[in-house]
Amino acid sequence: MSEYNREQSEAIVLVRRHLKTLSPSGLAELKTRIRNYVRFRKEADQFLQDYFSQICTQKCYQDHYSACCSREGITTFFADVVINVLISSAEEIDRLLRVLSLPGLGTKCVYLGKRGCIWRIKPIVCEMFLCEHARKTLFDKDPSALKEWQRLKRREKRYTWPDRPVLFDDLETCFIRAGYSSSLMYFHNSPGLLRVKSSASKKSR
Ligand code: SF4
């Protein structure tokens, strides 16, 4: 198993194990915390379907025409894992673990199945990535779509950009307090994100 697959797999197993120890009210509380984010993701998904389903075809993934999904080792945040384990069925999580245990071909993302991404809610990095071809094809001729996309990007930041308390940081903290650690906890171990947090806290003093 590659280092990437091992880290991904460990994070999924860890999250699943911890969630099983929570009381029904503890679990319900976590689900409430992610509710607005899940709503945001549904809206982002709808936008992408409405505007990009014709441009981003399966053929594009298969032919490696674009960068998305044909890259190995896509960045996933620990919170991406938590949110997915919270809203996915046991079978869906088993499937993620199964593909991670297979020897990789190294030509595409390990999570790319025959019918697209196998995550229930794909990692935020993937959702908010548009290749140059897709951007130019749509935004050059539809400024209102570009405005809508920029609005979605601003909303994304409210969950993921830690110059203020954000969900992605909070979810990591919640697991750290419970005694867990994972290399996917970038909000607690990435120098770049730690810098954003520290300069935001200096400004607020
Ligand atoms: S995680 Fe899903 S959306 Fe992201 S690159 Fe892999 S297959 Fe594509």
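As the structure is a prediction and not an experimental result, all values here were calculated from the model.

A separate point is the nonpolar core. The biggest cluster of nonpolar side chains holds 57 residues, and the ones touching the most others in it are Tyr111 and Phe168. Elements that contribute at least two residues to this core include exactly helix H1 (3-21), helix H2 (24-52), helix H4 (78-87), helix H5 (90-101), helix H7 (132-139), helix H8 (143-160) and helix H9 (167-177). For this core, the element with the most residues is H2, which contributes nine residues. Dropping the residues within four chain positions of it, phenylalanine 168 is found in contact with Tyr37, Phe77, Ala79, Asp80, Ile83, Ile124, Tyr159, Thr160 and Phe187.

Moving on, we come to the packing of aromatic side chains. Summed over all chains, the structure comprises 15 aromatic pairs. Plain terms: the ring middles of tyrosine 111 and tryptophan 119 are 5.1 Å apart, the flat faces sit at 85° to each other, and that makes the pair edge-to-face. For the pair tyrosine 111 and tryptophan 119, a shared accessibility class is recorded, and that class is buried. The interplanar angle of 55° and the centroid separation of 6.1 Å between the aromatic rings of phenylalanine 175 and tyrosine 180 together place this pair among those described as tilted. Owing to a relative accessible area of 0%, phenylalanine 175 belongs among the buried residues under this scheme. Members of the aromatic cluster, each reached through a chain of ring pairs, are Tyr37, Phe40, Phe77, Tyr159, Phe168, Tyr186 and Phe187.

Once that is clear, we can look at the packing of H7 against H8. Axis separation between H7 and H8 bottoms out at 8 Å; the angle between their running directions is 130°. In this view, H7 runs oblique relative to H8, as classed from their interaxial angle. Taken together, the residues of H8 that come into contact with H7 (itself represented by Arg135, Leu138 and Phe139) are Pro143, Ala145, Leu146 and Trp149.

As a further point, take the side chain of lysine 197. Structurally, lysine 197 is set in helix H11 (residues 191-204). Separated by 2.7 Å, the side chain of lysine 197 and the backbone oxygen of phenylalanine 187 make a polar contact. Non-local contacts of lysine 197, meaning those with residues more than four positions away in its chain, are made with Pro162, Asp169, Phe187 and His188.

Before going further, it helps to spend a moment on the site of the ligand. Taken together, Cys69, Ile74, Cys109, Tyr111, Leu112, Cys117, Lys122, Pro123 and Cys126 make up the full set of residues adjacent to the ligand. When its residues are assigned to classes, the shell around the ligand shows eight nonpolar, no polar and one charged.

Scored by pLDDT, the protein has a mean of 91; 94% of the residues are at 70 or more. Within the protein, the element-level pLDDT minimum falls on helix H3 (residues 58-62), averaging 63, and the maximum on H4, averaging 98.

With that settled, consider the pattern of salt bridges. Counting across every chain of the model gives 12 salt bridges. Via salt bridges that share partners, Glu3, Arg6 and Glu10 belong to a single interconnected network.

Scoring rules and cut-offs
Residues numbered from 1 in each chain as written. Predicted model: local features only at pLDDT ≥ 70, side-chain atom pairs only at ≥ 80, totals over all residues. Heavy atoms only, no water. Core = buried A, V, L, I, M, F, W, Y, C linked by side-chain atoms within 4.5 Å. Buried < 20%, exposed > 50% of the residue type's maximum accessible area, 1.4 Å probe, protein only. Helix = DSSP H or I, 4+ residues; strand = E, 2+ residues; numbered from the N terminus. Contact = heavy atoms within 4.5 Å. Phe/Tyr/Trp six-rings, centres within 6.5 Å; stacked < 30°, edge-to-face > 60°. Axes fitted to C-alpha atoms, helices over the stretch in contact; angles between N-to-C directions. Parallel < 35°, antiparallel > 145°, perpendicular 65-115°, else oblique. Polar contact = N/O pair within 3.5 Å; in protein donor to acceptor, adjacent residues only side chain to side chain. Near = heavy atom within 4 Å. Nonpolar A, V, L, I, M, F, W, Y, C, P; charged D, E, K, R; others polar. pLDDT = per-residue confidence, 0-100. Salt bridge = Lys/Arg side-chain N within 4 Å of Asp/Glu carboxyl O.

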